[in-house]
Amino acid sequence: MPSYAALSELLEPRTTVLLTVECQEGVVGADSALPELAGQARAGALANVARLVAAAHDGGVQVVHAVAERRPDGRGANRNARLFRAAARLPVQQLTGTPAVRVAAPIEVAEEDLVVRRLHGLSPLHGTDVDPLLRNLGCRTLIVTGVSANVAVPNAVFDAVNLGYTVVVPADAIAGVPADYTPAMIRHTLALVATVATTDEVLACLERARGVRPA
């Protein structure tokens, strides 16, 4: 884990953005298309994402929600991997405009939040509006949260690093399946390219930054 001073230096509110990845009702909600993943997320990670979002709202840190969705006719969606073909057969579809693509409770979406929706691919960043939005916001550090540790989260982390951002991953604010896969992914992969911390450590830095910010 990083030192408090090192983490605080990274998490300057004016240059930090919090990204939530696929924290949507059809993925992590009660009627998820992926109940095992939803169960893992709701065991603690989703609540931690909500805590981080609330602190970001209070501390002036921009929040971006990355949502994956699909047109009813499937137009523009990938079909070049088994994952995409399996997703197309799930009983709950992430269809544009339906409750499945709403950001899931207990995460609260504020008026100033940005919601970026994608119809294709595996990454919240590649081929989406997220990167240009981050650049226009002056982002230097990206906090990555959400699901899944199997696919979308590592895609987000690697793409962000390749694009020149510094990434912070609160280890208890991401989830994947099976349960023991997430810590292994963090330890052996994400920790090589991102700063790994806990939700409480990130919250402490954000709260301190808010306390010392001029009125």
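Residues numbered from 1 in each chain as written. Predicted model: local features only at pLDDT ≥ 70, side-chain atom pairs only at ≥ 80, totals over all residues. Heavy atoms only, no water.

In the nomenclature of an unreviewed UniProt entry, the chain corresponds to Cysteine hydrolase from the organism Streptomyces indiaensis.

A.B. asks: An account of the nonpolar core is requested, with residue identities and associated values reported.
C.D. replies: Ranked by internal contacts, the top residues of the largest apolar core, which has 33 residues, are Leu7, Leu11, Leu18, Val28, Ile107, Val147 and Val202. Going through the elements one at a time, α2 (25-28), α3 (35-59), β2 (62-68), β4 (141-147) and α8 (199-212) are the ones with two or more residues in this core. Here this core gets ten residues from one element, more than from any other, and that element is α3. Non-local contacts of valine 147, meaning those with residues more than four positions away in its chain, are made with Val21, Glu22, Val27, Val28, Leu37, Ala41, Ala152, Val153 and Ala175. Membership of the second largest hydrophobic core comes to 27 residues, among which are Val21, Cys139, Ala152 and Ala156. (Core = buried A, V, L, I, M, F, W, Y, C linked by side-chain atoms within 4.5 Å. Buried < 20%, exposed > 50% of the residue type's maximum accessible area, 1.4 Å probe, protein only. Helix = DSSP H or I, 4+ residues; strand = E, 2+ residues; numbered from the N terminus. Contact = heavy atoms within 4.5 Å.)

A.B. asks: Please provide a residue-by-residue account of the pairing of strand β5 (residues 166-170), values included.
C.D. replies: Most of β5 sits out of view: four of its five residues are buried. Taken together, the three bridges between β4 and β5 define a ladder with parallel strand orientation. Across the sheet, the residue bridging to leucine 142 is valine 167, located in β5. For the crossover from β4 across helix α6 (residues 152-162) to β5, the handedness is right-handed. Pairing analysis gives three bridges linking β5 to strand β7 (residues 195-197), with the strands arranged parallel. Paired with proline 170 across the strands is alanine 197, a residue of β7. (Pairing = 2+ DSSP bridges. Right-handed = clockwise from strand over helix to strand, strands pointing away.)

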